Amino acid sequence: MLKVVIMNITYIIFLFSMILSYQGELVSFEYLEELSLEEAQESLDSQFGNSAPDVLYDITRYKILYNTIDPHGNEVTASGVIAYPKNLDQAFPMISWQHGTEVKRDNVSSNNGFDILSLWLTARGYIYLEPDYLGLGESEILHPYCLKEPSAWTTIDLIRAVQTFFDNDEGYYYPIKSNDDLILFGYSEGGYVTMASHMMIEQENIDNFNLLASFPMAGPYDLSGIMVDLMLTYEPYGEPYYLPYVLVPYITYYEMGLLEEYFLPEYAEMFEYLFNGDYSGSYINSIMPDIPIEIMLPDLIEDFSNNLDHPLRLNLAQNNLWDWTPQADMHMYHGLGDELIPYQNSQIAYDAFIDNGSNNINLYLVPEELGGHSAVAEYCLISAYQICEEDYKFIRSKGDLNNDLIFNIQDILIIIGYVLDDQISSEDLDFWLSDLDSNNLVNIQDILILTNQVLGN
């Protein structure tokens, strides 16, 4: 009997290890677009005039297919994009942008060239990542909207796949380097996904990269409280489709019954296909009542309202994101005038984080006069970018081993130490920084190159 138990445990561990090894596997990549420094500058100038930033690099953009897991833990392929500066002598930080709510499968970044956000960030010296999310882009499953675990894994596994993309020696792409620093930011659903990813990285002790900070903005972090209270009100709501967009995946993935047990018959029938990726949010809104709760069965509303142990309420609570203790820096943004996702979502999360012992959390509440949910997004993004530039942007240059932004005798001595010790791993960033002639060796030739560079300065 003991032998059978041990064999079963061993088998479970084997299966678990297979899942972990599958996640983040790079499946394929496809070239999308490339811009010279001059072309990128012209594009930004046309959009922002004198407010446009100075472009620093030529840039390029790829579509990525990679492996992750669905809400049931099954293997699945997802898509996303990577854009990066073209410079062989510098290692750049990664920024992963998690986009806001999207329903139509084709309305994702991986189907297009540069947009303003990816253009701006890449041209300024960041490696830009953006997951399409499950159910969007190449993925054809039902989008797990506001489910924390698949949201997080889809983001984290894209970052892993991109690291493989850079470390691949097949020569199919421009061989740049990441410095392994990671910044997460996102707005609306993207704010939720950003916070879920931050939490997953820390709670699962994922050390493939160095998480410097996250910028979750205007996300629904208190699904079972603030968002439930909002949806139970008999008041018009700006995006009525949000309610069924949450409920249909919850009912489906948590196996809580049939749609007709929750929605009025005419809506239950439509929701069987409206969230299959073929329809836009505006189209779904056009056939929804202005007051979302009116699509629900009255008996269901009464049961849910009075039963604190209702399965739907409990499953929503499992996906709240406010009761944990962030370790890396977090900068939260929310508009006081947000009519779609009330700012109290961020306030309750901030208060809980502080109570739990986090001391590196900032909450920026945008004044109400600057507008509602959509209007304040630009302000939040610009503010987050400025903080990144000042506090988190560390571009490493080949030969600058002590990261003091100058080449001098100290850097030469460090490389000499690596050559004499002969213990540095080729996977280490310091190896790449020391390999000045890019021949995958650190030797006397690199010392001579750096010496000449120092003398030349």
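All values derive from a computational prediction rather than experimental measurement.

Rules and cut-offs
Residues numbered from 1 in each chain as written. Predicted model: local features only at pLDDT ≥ 70, side-chain atom pairs only at ≥ 80, totals over all residues. Heavy atoms only, no water. Core = buried A, V, L, I, M, F, W, Y, C linked by side-chain atoms within 4.5 Å. Buried < 20%, exposed > 50% of the residue type's maximum accessible area, 1.4 Å probe, protein only. Contact = heavy atoms within 4.5 Å. Phe/Tyr/Trp six-rings, centres within 6.5 Å; stacked < 30°, edge-to-face > 60°. Helix = DSSP H or I, 4+ residues; strand = E, 2+ residues; numbered from the N terminus. Lys NZ or Arg CZ within 6 Å of the ring centre and 35° of its normal. Polar contact = N/O pair within 3.5 Å; in protein donor to acceptor, adjacent residues only side chain to side chain. Salt bridge = Lys/Arg side-chain N within 4 Å of Asp/Glu carboxyl O. Expected span 1.5 Å × (residues − 1). Pairing = 2+ DSSP bridges. pLDDT = per-residue confidence, 0-100. Lys, Arg positive; Asp, Glu negative; His and termini not counted. Axes fitted to C-alpha atoms, helices over the stretch in contact; angles between N-to-C directions. Parallel < 35°, antiparallel > 145°, perpendicular 65-115°, else oblique. Nonpolar A, V, L, I, M, F, W, Y, C, P; charged D, E, K, R; others polar.

Asks: Any chance you could explain the nonpolar core here in plain terms?
Replies: Nonpolar side chains in soluble globular proteins tend to end up buried together. In terms of nonpolar packing, the biggest core is built from 90 residues, with Ile 82, Phe 263, Phe 271, Phe 275 and Met 296 touching the most fellow members. Once you skip the residues sitting within four places of it in the chain, Phe 271 turns out to touch Pro 244, Val 248, Leu 259, Phe 263, Met 288 and Ile 295. Grouped together as the second largest cluster of nonpolar side chains are 35 residues, Val 376, Ala 377, Cys 388 and Tyr 392 included.

Asks: Before we go on, may I ask you to explain the packing of aromatic side chains in this structure?
Replies: Given two aromatic rings, one states the distance between the centres and the angle between the planes to describe the pair. Inspection of the entire model under this criterion finds 27 aromatic pairs. Taking 5.2 Å as the distance between ring centres and 15° as the angle between the ring planes, the aromatic pair formed by Tyr 245 and Phe 275 counts as stacked. Separated by 30 residues along the polypeptide, Tyr 245 in helix 7 (residues 242-253) and Phe 275 in the loop between helix 8 (265-271) and helix 9 (281-286) bring together distant segments of the chain. Classification of Phe 275 as buried rests on a relative accessible area of 8%. Ring centres of Tyr 250 and Tyr 254 lie 5.6 Å apart, and the angle between their planes is 35°; this geometry places the pair in the tilted category. The ring centre of Phe 114 lies 5.6 Å from the NZ or CZ of Arg 61, which sits over that ring. The side chain of Arg 313 reaches across the aromatic face of Phe 304, ending 4.3 Å from its centre.

Asks: Mind showing me how you'd approach the environment of Phe 275 here?
Replies: A C-alpha to C-alpha distance of 34 Å links Phe 275 and Phe 209, two positions 66 residues apart in sequence. Residues in contact with Phe 275, not counting those within four places in the same chain, are Val 103, Leu 142, Tyr 241, Pro 244, Tyr 245, Val 248 and Ile 284.

Asks: I'm lost on the side chain of Ser 118 in this one. Help?
Replies: Relative to the helices and strands, Ser 118 resides in helix 3 (residues 116-123). When its relative accessible area of 0% is taken as the criterion, Ser 118 is described as buried. Side chain to side chain, Ser 118 and Asp 115 meet in a polar contact 2.7 Å long. The residues contacting Ser 118, other than those within four sequence positions of it, are Arg 61 and Tyr 128.

Asks: Help me understand the pattern of salt bridges, please; the structure alone is not making it clear to me.
Replies: Close approach of charged atoms allows side chains with opposite charge to pair. Tallied over the full model, the rule gives five salt bridges. Here Glu 389 and Arg 124 are joined by a salt bridge, their closest N and O atoms 3.2 Å apart. With a gap of 265 residues between them, Glu 389 in helix 13 (residues 377-392) and Arg 124 in the loop between helix 3 and strand 5 (127-131) connect regions that are remote in the sequence. When salt bridges with common partners are traced through the structure, they connect Arg 124, Glu 389 and Lys 393 into a single cluster.

Asks: I tried to follow helix 12 (residues 344-356) on my own but got confused; where do I start?
Replies: Residues three or four positions apart in an α-helix share a direction because the helix packs 3.6 residues into each turn. With 13 residues, helix 12 extends 18 Å from end C-alpha to end C-alpha; this agrees with the ideal 18 Å at 1.5 Å per step. Elements that come into contact with the buried residues of helix 12 comprise helix 5 (189-203), helix 6 (223-232), strand 8 (329-335) and strand 9 (361-366). At the C-terminal side of helix 12, Gly 357 shows a positive phi close to 110°.

Asks: Is there a simple way to explain the pairing of strand 4 (residues 90-98) in this structure?
Replies: Two faces make up the sheet, and in a regular strand the side chains alternate between them. Of all nine residues that make up strand 4, nine are buried, and the element is covered over most of its length. Summarising the sheet, strand 4 and strand 10 (residues 396-397) pair through two bridges and their orientation is antiparallel. Its bridge partner lying in strand 10, Ala 91 is registered against Arg 396. Note that strand 4 and strand 6 (residues 177-187) share seven bridges and pair parallel. Looking at the pairing, Ala 91 lines up with Lys 177 of strand 6. Where strand 4 lies against strand 5, three bridges are found, and the strand directions are parallel. What sits directly across from Ser 96, in strand 5, is Leu 129.

Asks: Could you clarify how one ought to interpret unusual backbone geometry in this entry?
Replies: Excluding glycine, residues mostly carry a negative phi; peptide bonds, for their part, are mostly trans. For Cys 146, which is not glycine, the phi dihedral falls at a positive 60°. Relative to the elements of secondary structure, Cys 146 occurs in the loop between strand 5 and helix 4 (148-167). Positive phi is not limited to glycine here, since Ala 218 has a value of about 55°.

Asks: Please explain the confidence of the model for the protein chain as it appears in this structure.
Replies: If pLDDT is low for a region, its predicted coordinates should not be looked at in detail. Confidence in the prediction for the protein chain averages 92 pLDDT; 93% of positions are at 70 or higher. Counting contacts from residues 1-7, a segment whose pLDDT is below 50, to residues more than four positions away or on other chains yields zero contacts. pLDDT under 50 marks residues 9-19. Its contacts with residues more than four places away, or in other chains, come to two contacts.

Asks: For this particular structure, what's the right way to read the side chain of Asp 222?
Replies: Inspection of the secondary structure puts Asp 222 in the loop between strand 7 (210-217) and helix 6. For the buried Asp 222, no salt bridge is present, and the opposite-charge side chain at shortest range is Arg 313, 9.2 Å distant. Each residue touching Asp 222, except ones within four places of it in the same chain, is listed here: Met 227, Asn 320, Trp 322, Asn 345 and Ile 348.

Asks: Would you mind going over the packing of helix 6 against helix 11 (residues 311-318) with me for this structure?
Replies: Helix packing for two helices is described by the angle between their axes and how far apart those axes are. Running from N to C, helix 6 and helix 11 point in directions that differ by 125°, and their axes come no closer than 8 Å. When the axes of helix 6 and helix 11 are compared, the pair comes out oblique. Seen from helix 6, the contacting residues are Leu 223, Ser 224 and Val 228; seen from helix 11, they are Arg 313, Leu 316 and Ala 317. Split by residue class, the contact of helix 6 with helix 11 holds four nonpolar, one polar and one charged.

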